[in-house]
Amino acid sequence: MSTCYRKINRQLILLLLGMVVAAPATADLVFTAPPRESAAKAKEVYQPIADFFSKVAGQRVVFRYSDNWLTYQSDMRKGIYDIVFDGPAFISWRIAKQDHSPLVKLPGNLVFVAIAKKDNDAVKVLKDVVGRSLCGFPPPNLATLTVLYEFNNPVRQPLLIEVKSFQAAYKSVVEGKCLAGIIQVKLWEEFDKEKGATKVLFKSKPVPNQGFSAGGPRVPPELRAKMAEALMSEEGKAATKLLRDEFKGQDFVPAKKEEYENQAVLLRDVWGFEL
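Below or above, wherever it landed, is the structure these notes cover. (Residues numbered from 1 in each chain as written. Predicted model: local features only at pLDDT ≥ 70, side-chain atom pairs only at ≥ 80, totals over all residues. Heavy atoms only, no water.)

**Thoughts on the layout of surface pockets**
Move 1: If you add up the space inside the largest pocket, you get close to 1400 Å³.
Move 2: Lining the largest pocket are 46 residues, with Arg36, Phe166, Gln184, Gln210 and Phe247 sitting closest to its centre.
Move 3: Contributions of two or more residues to the lining of the largest pocket are made by helix H2 (39-57), helix H4 (88-98), strand E5 (109-110), helix H5 (142-148), helix H6 (166-174) and helix H7 (185-192).
Move 4: Considering each element in turn, the lining of the largest pocket owes the most residues, 5 residues, to H7. (1 Å grid on protein atoms, 1.4 Å probe; cavity = no way out; pocket = protein on both sides within 12 Å on 5 of 7 lines; lining within 4 Å. Points joined across faces, edges and corners; volume = space filled by probe spheres on them. Helix = DSSP H or I, 4+ residues; strand = E, 2+ residues; numbered from the N terminus.)

In structure tokens form, the structure reads like this:
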């Protein structure tokens, strides 16, 4: 064997050994939630959950905050998120496109209504709002998606006026600032109980409540099952307390894959989420 060959062979072995020594540890798992609050508030609510998931998974789970929906949606499409807490439309899309599994969810279903002033005889059904003002959260808010889904003609749409709360949507309708508004049905019943000032133009079908999903190549099925079980434990309840407090302290319940079937169709007009 020539001296030159031995030298090259030795260099190759050293290079390979160096690569083994320098090989990175298992990549962190990424946990996220929609950009609905400030960075400080999100860290307060979700960091304890990320720490809890780290303990369950036996590897570091980091919470990644997105300060806007475009970044949130873009990173989701890229498959960056391993664990997510959000609504049924996105959970359904990740199940279909990214091999996610639902873990647990908040109890019950969500139903939304589109309302108008009771004495407005010119508006009797939802289609009467085409080309006219409709108060609601900007897409991809679930309430808005469930109502806008009913407008299947892209050139015959309502004029969406952004509001910051369901109460603001109700108030805007009553005060005549918007012809119609989108509200969660239970809140509408609460707001309108005394006044009886509005009527329902449309009531959505029930959709599953918000929940956790996990999946993709970095979260094997056995870890998903372990996470789901852990979230239902007393330690899991402690870790999610601040999050559950945001939703009246409700305990999580098991989530089933079939509950989320076809929910992703609500995202049909959200760019990049077509099935």
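**Some thoughts on the pattern of salt bridges**
Move 1: Scanning the entire structure with this criterion turns up 14 salt bridges.
Move 2: In this structure, Arg94 engages Asp86 in a salt bridge whose closest nitrogen and oxygen atoms are separated by 2.8 Å. With respect to burial, Arg94 and Asp86 carry one shared label: buried.
Move 3: With a shortest N-O distance of 3.6 Å, Lys237 and Glu234 are connected by a salt bridge. Here Lys237 pairs with Glu234, and both are found in helix H9 (residues 234-239), just 3 residues apart, close to one helical turn.
Move 4: Under the relative-accessibility criterion, Lys237 is labelled partly exposed at 24%.
Move 5: Each member of the salt-bridge network shares a partner with another, and the members are Glu234, Lys237, Arg244 and Asp251. (Salt bridge = Lys/Arg side-chain N within 4 Å of Asp/Glu carboxyl O. Buried < 20%, exposed > 50% of the residue type's maximum accessible area, 1.4 Å probe, protein only.)

**Notes on H4**
Move 1: A large share of H4 lies buried, amounting to 9 of its 11 residues.
Move 2: For H4, the set of buried residues is Pro88, Ala89, Phe90, Ile91, Ser92, Trp93, Arg94, Ile95 and Gln98.
Move 3: Summarising the contacts, the buried residues of H4 are in contact with helix H3 (69-77), strand E3 (83-86), strand E4 (100-105), H5, strand E11 (207-208) and strand E12 (211-215).
Move 4: Directly beyond the C-terminal end of H4, a positive phi value near 55 degrees is found at Asp99. (Contact = heavy atoms within 4.5 Å.)

**Considering unusual backbone geometry**
Move 1: Cis geometry marks the peptide bond from Pro139 to Pro140, where omega comes out at 10 degrees.
Move 2: Checked against the element boundaries, Pro140 lands in the loop between strand E7 (133-136) and H5.
Move 3: Despite not being glycine, Lys248 has its phi angle at roughly 65 degrees, a positive value.
Move 4: Tracing the chain through its elements places Lys248 in the loop between helix H10 (241-245) and strand E13 (253-254).
Move 5: Owing to a relative accessible area of 77%, Lys248 belongs among the exposed residues under this scheme.
Move 6: Positive phi outside glycine occurs at Asn262, with the angle close to 70 degrees.

**Considering the side chain of Gln73**
Move 1: Here Gln73 shows up in helix H3.
Move 2: Other than its neighbours up to four places away in sequence, Gln73 contacts Phe90, Pro140, Val270 and Phe273.

**Some thoughts on the packing of aromatic side chains**
Move 1: Considering all chains together, one arrives at 19 aromatic pairs under this definition.
Move 2: Consider the rings of Phe31 and Tyr46, whose centres lie 5.8 Å apart with planes at 70 degrees: the pair is edge-to-face. Residue Phe31 is found in strand E1 (residues 29-32), and its partner Tyr46 is found in helix H2; the two are separated by 15 residues along the sequence. Pair check on accessibility: Phe31 and Tyr46 agree, each one buried.
Move 3: Through successive ring pairs, a cluster of aromatic residues spans Phe31, Tyr46, Phe52, Phe53, Phe63, Phe85, Phe212, Phe247 and Phe252.
Move 4: Sitting above the plane of the Phe151 ring, Lys127 keeps its charged end 5.3 Å from the centroid. (Phe/Tyr/Trp six-rings, centres within 6.5 Å; stacked < 30°, edge-to-face > 60°. Lys NZ or Arg CZ within 6 Å of the ring centre and 35° of its normal.)

**A word on the packing of H2 against helix H8 (residues 221-231)**
A packed helix pair is summarised by two numbers, namely the angle formed by the two axes and the spacing between the axes.
Move 1: Packing of H2 against H8 leaves a shortest axis separation of 10 Å and a crossing angle of 130 degrees. Here H2 is positioned oblique relative to H8, judged by the angle of their axes. Here the hand of the crossing between H2 and H8 comes out right-handed. Contacts between H2 and H8 involve Phe52, Phe53, Val56 and Ala57 on the former and, on the latter, Leu223, Lys226, Met227, Ala230 and Leu231. (Axes fitted to C-alpha atoms, helices over the stretch in contact; angles between N-to-C directions. Parallel < 35°, antiparallel > 145°, perpendicular 65-115°, else oblique. Left-handed = near helix turned anticlockwise from the far one by under 90°.)

**A few points about the environment of Asp86**
Move 1: Locating Asp86 in the fold gives a position in strand E3.
Move 2: Exposure remark for Asp86: the relative accessible area of 0% places this residue in the buried category.
Move 3: In contact with Asp86, not counting residues within four places along its chain, are Pro34, Tyr72, Met76, Ile91, Arg94, Gln210 and Gly211.
Move 4: Within the structure, the side chain of Asp86 is placed 2.8 Å from the side chain of Tyr72, a separation counted as a polar contact. (Polar contact = N/O pair within 3.5 Å; in protein donor to acceptor, adjacent residues only side chain to side chain.)

**Some details on the sheet that holds E7**
Move 1: Read from one edge to the other, the open sheet built from 5 strands follows the order E8-E7-E9-E6-E10, with strand pairing classed as mixed. Only two strands of the sheet have a single partner each, and these edge strands are strand E8 (159-162) and strand E10 (198-203). Across the sheet, the mean angle separating the axes of adjacent strands is 35 degrees when strand polarity is ignored.
Move 2: Summarising the sheet, E7 and E8 pair through 4 bridges and their orientation is parallel. Looking at E8, one finds that Ser133 is bridged to Leu159.
Move 3: The sheet contacts of H6 involve strand E6 (112-117), E7, strand E9 (180-184) and E10, and relative to E9 the element is tilted by about 150 degrees.
Move 4: Running at roughly 110 degrees to E9, H7 makes contact with E6, E9 and E10 of the sheet. (Pairing = 2+ DSSP bridges.)

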